[in-house]
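Below, each chain spelled out in residue letters.
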Amino acid sequence: MISAVARTSMRTRAVGRVLRSDGHHNTSPNGMHLPFDTQKKGFKFLYWGSMTFFSALPVIAAWWQIRKGNGTKNY
């Protein structure tokens, strides 16, 4: 048999779960919460171009340092 304390504890957790989940039902159209327009034509090219450039930047910097260090080329 479940004691009165256990039943009260179970009821408290169930009510708390419902109260916590009420704030997460804010629906908004795609991209409306962002400070820029994601529906423009060039957005995906700008986004992926920026991500590619900033991901490749450490490799480019390492290549530049290695190239610069050999001292045989004038540039």
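Just above, that's the structure.
What counts, and where the lines are drawn
Residues numbered from 1 in each chain as written. Predicted model: local features only at pLDDT ≥ 70, side-chain atom pairs only at ≥ 80, totals over all residues. Heavy atoms only, no water. Helix = DSSP H or I, 4+ residues; strand = E, 2+ residues; numbered from the N terminus. Buried < 20%, exposed > 50% of the residue type's maximum accessible area, 1.4 Å probe, protein only. Areas by Shrake-Rupley, 256 points an atom, 1.4 Å probe, with all protein chains shown as cover. Phe/Tyr/Trp six-rings, centres within 6.5 Å; stacked < 30°, edge-to-face > 60°. Patch = residues over 30% accessible without salt bridge, like charges linked within 9 Å, V, L, I, M, F, W, Y side chains within 5 Å. Salt bridge = Lys/Arg side-chain N within 4 Å of Asp/Glu carboxyl O. Contact = heavy atoms within 4.5 Å.

Peer 1: Is there a simple way to think about the overall build of the protein in this case?
Peer 2: Looking only at helices and strands, one finds two helices and zero strands in the protein. Here the protein holds 75 residues, and the buried ones make up 4% of them. As presented, the protein carries roughly 7300 Å² of accessible surface, and 65% of it is formed by carbon and sulfur atoms.

Peer 1: What should I look at first to understand the packing of aromatic side chains in this one?
Peer 2: Describing an aromatic ring pair means giving the distance of the ring centres and the angle of the ring planes. Tallied over the entire structure, the rule returns five aromatic pairs. Centre to centre, the rings of Trp 63 and Trp 64 are 6.5 Å apart; their planes meet at 55°, and the pair counts as tilted. Grouped by ring-pair contacts, the aromatic residues Phe 36, Phe 43, Tyr 47 and Trp 48 constitute a single cluster.

Peer 1: Just to check I follow, could you spell out a nonpolar patch on the surface for this structure?
Peer 2: A cluster of nonpolar residues, Phe 53, Phe 54, Leu 57, Ile 60, Trp 63 and Trp 64, forms a patch on the protein surface that exposes about 640 Å² of accessible area. Mapping Phe 54 onto the fold places it in helix H2 (residues 43-69). Residue classification places Phe 54 among the exposed residues on the basis of a relative accessible area of 56%.

Peer 1: Even after reading the chapter, I still don't get the side chain of Thr 38, so can you show me in this structure?
Peer 2: With respect to the element layout, Thr 38 can be found in the loop between helix H1 (4-21) and H2. Of the residues examined, Thr 38 reaches a relative accessible area of 19% and is grouped as buried. Setting aside its immediate chain neighbours within four residues, Thr 38 contacts Asn 30, Gly 31 and Phe 43.

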